[in-house]
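One-letter residues, chain by chain:
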Amino acid sequence: MQANPNAQEMTQKAAQPDQAAIALDTPIQRGEQTITDVMLRKPRSGELRGLTLNDLLHMEAGALIKLIPRISTPMLTETDMNRLDPADLTQMGTAVAGFLLPRAMKAADSLPV
């Protein structure tokens, strides 16, 4: 059972600067459900509670494991996050760090705005 939007929908949504589509290297298995793609959206300030921006910008695993379930579709659980392939956590961390940068810094680094 596939619980994710199709690839075209994911690509269209990812074109928005406040969202990122992540194709997992190692799918997450939840019972009968297989998650192969995750959509992350830019966090709002309240979703950053209990976390430091510095930890998120440095892609500190503990901070990412707390934040990503708050901003992911489908919503990942703590168990999902703890079993996540490190390569997938790195992809998600890169997206999160990009969300936190001001537009001027993204333009200076040639990152998508």
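Residues numbered from 1 in each chain as written. Predicted model: local features only at pLDDT ≥ 70, side-chain atom pairs only at ≥ 80, totals over all residues. Heavy atoms only, no water.

Some points on helix 5 (residues 86-100)
Here is step 1: A rise of 1.5 Å per residue sets the reference length of helix 5, with its 15 residues, at 21 Å; its end C-alpha atoms lie 21 Å apart and thus fit the reference within 8%.
Here is step 2: If you check the start of helix 5, you find a side-chain oxygen 2.7 Å away from the backbone N of Ala87, and it comes from Asp85. (Helix = DSSP H or I, 4+ residues; strand = E, 2+ residues; numbered from the N terminus. Expected span 1.5 Å × (residues − 1). Polar contact = N/O pair within 3.5 Å; in protein donor to acceptor, adjacent residues only side chain to side chain.)

Considerations on the side chain of Glu47
Here is step 1: Mapped onto the elements of the fold, Glu47 is located in the loop between strand 2 (33-41) and helix 2 (53-57).
Here is step 2: The exposure class of Glu47 is buried, given its relative accessible area of 11%.
Here is step 3: A polar atom in the side chain of Glu47 sits 2.4 Å from the side chain of Arg41.
Here is step 4: With near-sequence residues (within four places) excluded, Glu47 lies in contact with Arg41, Lys42, Leu67, Arg70 and Ile71. (Buried < 20%, exposed > 50% of the residue type's maximum accessible area, 1.4 Å probe, protein only. Contact = heavy atoms within 4.5 Å.)

Structural notes on the confidence of the model for the protein
Here is step 1: Taken as a whole, the protein shows an average pLDDT of 86; of its residues, 78% reach a score of 70 or greater.
Here is step 2: Across the protein, the secondary-structure element scoring lowest on mean pLDDT is helix 1 (residues 7-14), at 50, and the one scoring highest is strand 3 (residues 72-73), at 98. (pLDDT = per-residue confidence, 0-100.)

Concerning the nonpolar core
Here is step 1: Of all hydrophobic cores here, the largest spans 23 residues; its most connected members are Leu40, Leu56, Ile68, Leu76, Met92 and Val96.
Here is step 2: Among the elements of the structure, strand 1 (19-30), strand 2, helix 3 (61-71) and helix 5 are those that each provide at least two residues to this core. (Core = buried A, V, L, I, M, F, W, Y, C linked by side-chain atoms within 4.5 Å.)

Some points on unusual backbone geometry
Here is step 1: Residues Thr73 and Pro74 are joined by a peptide bond in cis, for which omega reads -5°.
Here is step 2: Relative to the helices and strands, Pro74 is located in the loop between strand 3 and helix 4 (78-83).
Here is step 3: Phi at Met59 is positive, roughly 55°, even though this residue is not glycine.
Here is step 4: Note that Met59 resides in the loop between helix 2 and helix 3.

Points about the sheet that holds strand 3
Here is step 1: Sheet architecture is open: three strands sit in the order 1-2-3, paired in antiparallel fashion. Since the sheet does not close on itself, it has two edges, and those belong to strand 1 and strand 3, each with one partner.
Here is step 2: The sheet contact formed by strand 1 and strand 2 spans eight bridges and is antiparallel. The partner of Ala20 across the bridge, within strand 2, is Leu40.
Here is step 3: Across the sheet, helix 5 is in contact with strand 1 and strand 2; its angle to strand 1 comes to roughly 155°. (Pairing = 2+ DSSP bridges. Axes fitted to C-alpha atoms, helices over the stretch in contact; angles between N-to-C directions.)

Things to note about the environment of Asp85
Here is step 1: Relative to the assigned elements, Asp85 resides in the loop between helix 4 and helix 5.
Here is step 2: Asp85 sits 59 residues away from Thr26 along the chain, and the two C-alpha atoms are 6.2 Å apart.
Here is step 3: One polar contact links Asp85 to Thr26, side chain to side chain, over a distance of 2.7 Å.

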